[in-house]
Amino acid sequence: MHISIADELKKQFHAACALRGLKMSQVRTELVEQWLKANEASFAGESKRQETARN
């Protein structure tokens, strides 16, 4: 996965991860997982709408 973010934001993210002894990729994965869980209901609804539209 490639993510483009502003240089300053990347520096801040890198520093915050380093202070906690974490790799940026670990934190990125956790954030994506959290986002998916938080938006799970809307994905289910969208999936059903797409199925209905196809049928």
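> Account for the overall build of the chain, naming residues and giving values.
Within the chain one finds three helices and zero strands. Along its sequence from the N terminus, the chain presents helices and strands in the succession α-α-α.

> Please give an account of the packing of helix α1 (residues 7-19) against helix α2 (residues 24-38) that cites residues and values.
Packing of α1 against α2 brings their axes to within 9 Å, and their N-to-C directions diverge by 100°. When the axes of α1 and α2 are compared, the pair comes out roughly perpendicular. On α2, the residues that touch K10, F13, H14 and C17 of α1 are M24, V27 and R28. Of the residues contributing to the contact of α1 with α2, the split by class is four nonpolar, one polar and two charged.

> Would you mind going over a nonpolar patch on the surface in detail, with residue names and values included?
A contiguous nonpolar patch, built from M1, I3, I5, L9, V32, W35, L36 and F43 and spanning about 790 Å² of accessible area, is present on the exposed surface. Top contributing element to the nonpolar patch by residue count: α2, with three residues. Looking at the secondary structure, you find L9 in helix α1. Exposure remark for L9: the relative accessible area of 47% places this residue in the partly exposed category.

Conventions adopted
Residues numbered from 1 in each chain as written. Predicted model: local features only at pLDDT ≥ 70, side-chain atom pairs only at ≥ 80, totals over all residues. Heavy atoms only, no water. Helix = DSSP H or I, 4+ residues; strand = E, 2+ residues; numbered from the N terminus. Axes fitted to C-alpha atoms, helices over the stretch in contact; angles between N-to-C directions. Parallel < 35°, antiparallel > 145°, perpendicular 65-115°, else oblique. Contact = heavy atoms within 4.5 Å. Nonpolar A, V, L, I, M, F, W, Y, C, P; charged D, E, K, R; others polar. Patch = residues over 30% accessible without salt bridge, like charges linked within 9 Å, V, L, I, M, F, W, Y side chains within 5 Å. Areas by Shrake-Rupley, 256 points an atom, 1.4 Å probe, with all protein chains shown as cover. Salt bridge = Lys/Arg side-chain N within 4 Å of Asp/Glu carboxyl O. Buried < 20%, exposed > 50% of the residue type's maximum accessible area, 1.4 Å probe, protein only.

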